[in-house]
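So you can see what is in the structure, the chains are spelled out below.
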Amino acid sequence: MSETVRVRFAPSPTGYLHVGGARTALYNYLFAKNKGGTFILRIEDTDLERSTDESLRMQLSDLQWLGLSWDEGIDPDTLEDQGEYGPYRQSQRLEIYRKYCDELLSKGLAYYDFRTDEELEKIKQASEKFTRIPRPDNILPFEEAQKKVREGVPAAVRFKVDGKEDHVIEDLVRGEVRLPEDMVSDFILMRSNGMPVYNFCCAIDDALMEITHVFRAEEHLSNTLRQKMIYEALGFKLPQFGHLSLILGADKQKLSKRHGATSCNQYRETGYLPQALLNFVALLGWSPGNDQEILSEEELMEKFDGTRLHTAGAVFDQEKFKWMNSVHLRALENQKLWNHLKPLFEKENISLPENEDFIHKSLEIFKPKMETLADAPELFRPIDGKLFEVTEEADEVIAWETTPEVFNAWEEELKKHHNMYLTPEEFDEAQNHVKEKVGVKGKQLFMPIRVAVIGKPHGADLKSLVPLIERESLIARVKQCRGDK
RNA sequence: GUCCCUAUCGUCUAGAGGCCUAGGACACGUCCCUUUCACGGACGAGACACGGGUUCGACUCCCGUUGGGGACGCCA
């Protein structure tokens, strides 16, 4: 009895995927998964000026990175259609729009508008409190207008917004939303260059692709009114809409570039995990209804059924996102985490042992200190002897009266051993010997040693850290700290 | 300006008339763990925008005010 759920995400390929877009895509994806439905990717590329294949590929790559795979749409590599309802790129559906446009034109539900940009601009300037574009004084009869168009006179096609009735939309998020029809003016269906415009394509495609539910941002509310009119004029069945609250910046304005990082790609490049981004944006405007905040994709799928969506906007809190990323990062299996980290080490020219033992031990020490993947190079750099350097932070410690003695004693201890690495026990023993010999304890003791190991007074626990570094390298480091040549 | 949407700690949120002296999380503060830094743990501070109704009873329902946001494109 219940029809199959078909939802879509319909980005326009202009730049990277925005986090708001990621959330919209996620909700639609989760809803499809939750209902056993189909998730469709449609490309809204009718704006020739701004849409590029490069952007398209960037968006597809972002979606893939997030793991939001689609059942119908276009192949991310070949960009070829996949599915029964194609083409899935609006730029390849032009004849379809043309056909429906002619239908509306011939029925008198739409008309050719021969006014130029300049004329329209003049009209806008003329009225003080301009809100809507007025209908032209004399609309040519269809046949006559068509003839003129065929002769090459440019004209846009506008939909006639006549009625004075209110439209009621049963919104999945907001309940009954009443929109007065005169809220919008006669809107464009086809540009004068022959390209159809968003509201028209969207309505036609959603109808033809048999979309059942549309989750999209609140800013589309007035478009929904336009699209409803198109649906009705063409006799299509309206899908269910759910208008999502907006994601806001710290100043409560719609999240945009001036708020800093807003594209998925930026987060990807600064060391965020896709599962963290998904988890975080999922909770911006929706909650599972309990106190659980860390959710896997599977849990999200299971719990997201299109209800419990918030009506008010949500501020994107970078701090909390960072925290959530650190939680997902710590939950990651060591080997998987290492695979994420490897390219970063290579990029920074940090050479590290790659045996299982080292990976496990080092990650156990450094994982709690990482918030993003990008924190790893700083943490691991001191392990690589060739990159060892004494930082300014260490100056104070080096200046302590007893520090040179600690350095010497530490070096002597290291020289007593012969194995490549010290064990944690051997380190303890060595440290105790230094303590007895120099007669210092506490900060006076371990801070100089830490400086001699990683070049700075703060960092990971020495007992776990020292066994990860070659003894020879440790000796070289003390020398360097002491200023030996 | 017009229309639409919206309103619980600084932020994300739980709360669907009595379970609320309003719960959780981030951030913040104190303490514990720790010979540093993190992680972890305990505790603390911190909110129902305001005014009217409805009701025996409102954070929860209705109306208004105020605040915030969005739309008003031959962008999507």
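Above this text sits the structure in question.
Now for a look at the structure at hand. (Residues numbered from 1 in each chain as written. Chains lettered and ligands numbered in written order. Predicted model: local features only at pLDDT ≥ 70, side-chain atom pairs only at ≥ 80, totals over all residues. Heavy atoms only, no water.)

## Remarks on the protein's contact with RNA strand B
Applied cut-off: The rule for a residue being near a molecule or strand is that one of its heavy atoms must lie within 4 Å of it. In protein, a polar contact means a hydrogen-donor-capable atom and an acceptor-capable atom, both N or O and within 3.5 Å, with residues adjacent in sequence counting only if both atoms are side-chain atoms; elsewhere, any N or O pair within 3.5 Å suffices. Classification used: nonpolar for Ala, Val, Leu, Ile, Met, Phe, Trp, Tyr, Cys and Pro, charged for Asp, Glu, Lys and Arg, polar for all others including Gly.
As a structural note, the neighbourhood of RNA strand B is formed by 66 residues, with Arg191, Gln253, Lys369, Phe446 and His458 the closest of them. Backbone atoms, meaning sugar and phosphate, make up 74% of the atoms of RNA strand B lying within 4 Å of the protein. A distance of 2.3 Å separates a phosphate oxygen of RNA strand B from a polar atom in the side chain of Arg191. Within the side chain of Asp291, a nitrogen or oxygen atom sits 3.5 Å from a sugar or linking oxygen of RNA strand B. A per-class count over the surface near RNA strand B returns 24 nonpolar, 18 polar and 24 charged.

## What about the packing of aromatic side chains?
Quick reminder of the rule: Note on aromatic contacts: the rings of Phe and Tyr and the six-membered ring of Trp form a pair at centre separations within 6.5 Å, being stacked when their planes are under 30 degrees apart, edge-to-face when over 60 apart, and tilted otherwise. Secondary structure elements are taken from DSSP: a helix is a run of H or I of four residues or more, a strand is a run of E of two residues or more, and numbering for both begins at the N terminus. For every residue, the accessible area (1.4 Å probe, protein chains only) is compared with the maximum for its type, and the residue is labelled buried under 20%, exposed over 50%, or partly exposed between those bounds. Geometrically, a charge over a ring is one whose NZ (Lys) or CZ (Arg) sits within 6 Å of the ring centre while staying within 35 degrees of the ring normal.
Under the criterion given, the structure shown has 23 aromatic pairs. When the centroid spacing of 5.6 Å and the interplanar angle of 65 degrees are considered together, the rings of Tyr100 and Phe236 count as edge-to-face. With Tyr100 in helix α3 (residues 94-106) and Phe236 in the loop between α7 (221-234) and β11 (240-244), the pair connects residues that are 136 residues apart, well separated along the chain. Taking relative accessible area as the criterion, Tyr100 reaches 12% and is therefore assigned buried. Ring geometry for Phe159 against Phe187: centres 5.2 Å apart, planes inclined by 20 degrees, an arrangement best described as stacked. Remark: Phe187 occurs in the loop between β8 (175-180) and β9 (188-190) and Phe159 occurs in strand β6 (residues 156-159); sequence separation between them is 28 residues. According to the relative accessible area criterion, Phe159 is buried, its value standing at 4%. The buried category is assigned to Phe187, whose relative accessible area is 7%. The structure contains a cluster of three or more aromatic residues connected by ring pairs, namely Tyr27, Phe31, Phe215, Trp286 and Phe304. One residue, Arg6, lies across the ring of Tyr85, its end atom 3.8 Å from the ring centre. Over the ring of Phe114 we find Lys148, and its NZ or CZ is 4.2 Å from the ring centre.

## Comments concerning the sheet that holds β9
We apply this condition: Being paired, for any two strands, means DSSP has found at least two bridges between them. To obtain an axis, a line is fitted to C-alpha atoms, over the contacting stretch when the element is a helix, and the angle between two such axes runs from 0 to 180 degrees between their N-to-C directions.
Read from one edge to the other, the open sheet built from three strands follows the order β5-β6-β9, with strand pairing classed as antiparallel. The open sheet is flanked by β5 (110-113) and β9, the only strands paired with a single partner. Across the sheet, the axes of successive neighbouring strands diverge by a mean angle of 40 degrees, strand direction being ignored.

## Quick look at the pairing of β11
Keep this limit in mind: The handedness of a crossover follows from its direction of travel: if, with the strands pointing away from the viewer, the path from the first strand over the helix to the second runs clockwise, the crossover is right-handed.
Counting buried positions along β11 yields four of five residues, so the element is predominantly enclosed. Two strands pair when backbone bridges link them, and strand β10 (residues 213-217) and β11 are joined in this way by five bridges, in the parallel orientation. Within β11, the residue paired with Ala217 across the bridge is Leu244. Crossover β10 to β11 through α7 is right-handed.

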